[in-house]
Amino acid sequence: MQTRSKLGIVCPRLHPTLLLTTAESTSVKHALSSLEWKEAMQQEYSTLMANNTWSLVPLPSGRKAIGCKWAFRVKQNPGGSILKYKAWLVAKGFNQIPGQDYSETFSPVVKPVTIRIKLTIALTHHWSILQIDVNNAFS
């Protein structure tokens, strides 16, 4: 079998996180000590509550609750300056058992066909196209 490595085709690995001017938080304890991360966490929590993302239900007997964790990312402008601090509260879905812990799934993702249709309509009507950032979408 011929691989890129055996043929001597090697691309250098880029580590863009090394270029960050601010370190991304790796723990909640560290994040809570920073005003920027604390505000990002509060904004994420407020958005989740405003969107009625979940509802509390009684835990069935013999079952364990699915945990969650905070994920942190520094979003940058093309020039490298900091655009915003972004925090996500995510469920530890790898602990779930299909049919037992959930019966349906949801992912807030736009399908490519939807984007093509919207672009076609916009071009047909000569509308300008703007980019938006959905506040608590996954990235």
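The preceding data block contains the structure.
To keep things clear, this report deals only with the structure shown in the data block. (Residues numbered from 1 in each chain as written. Predicted model: local features only at pLDDT ≥ 70, side-chain atom pairs only at ≥ 80, totals over all residues. Heavy atoms only, no water.)

### Points about the environment of S27
Move 1: Counting through the fold element by element, S27 comes out in the segment before helix 1 (28–32).
Move 2: For S27, a relative accessible area of 29% puts it in the partly exposed group.
Move 3: Along the primary structure S27 and K69 are separated by 42 residues, whereas in three dimensions their C-alpha atoms are 9.2 Å apart. (Helix = DSSP H or I, 4+ residues; strand = E, 2+ residues; numbered from the N terminus. Buried < 20%, exposed > 50% of the residue type's maximum accessible area, 1.4 Å probe, protein only.)

### Quick word on the environment of A91
Move 1: One can find A91 in strand 2 (residues 82–91).
Move 2: When the C-alpha positions of A91 and W70 are compared, they lie 8.9 Å apart, and in sequence the two are 21 residues distant.
Move 3: With sequence-adjacent residues up to four places away left out, A91 is seen in contact with I66, G67 and C68. (Contact = heavy atoms within 4.5 Å.)

### Description of unusual backbone geometry
Move 1: Its identity is not glycine, yet N52 carries a phi of approximately 50°, on the positive side.
Move 2: When you line up the elements, N52 lands in the loop between helix 2 (35–50) and strand 1 (68–76).

### Here we look at the packing of aromatic side chains
Move 1: Scanning the model with the defined rule gives three aromatic pairs in all.
Move 2: On the numbers, 5.3 Å between centres and 75° between planes, the contact of W37 with F72 is edge-to-face. Of this pair, W37 sits in helix 2 while F72 sits in strand 1, and the two are 35 residues apart along the sequence.
Move 3: Taking relative accessible area as the criterion, W37 reaches 2% and is therefore assigned buried.
Move 4: Judged by centre distance (4.8 Å) and plane angle (85°), the rings of W37 and Y85 are edge-to-face. You can see W37 sitting in helix 2 and its partner Y85 sitting in strand 2, a full 48 residues away along the chain. (Phe/Tyr/Trp six-rings, centres within 6.5 Å; stacked < 30°, edge-to-face > 60°.)

Read these as geometric descriptors, not functional statements.
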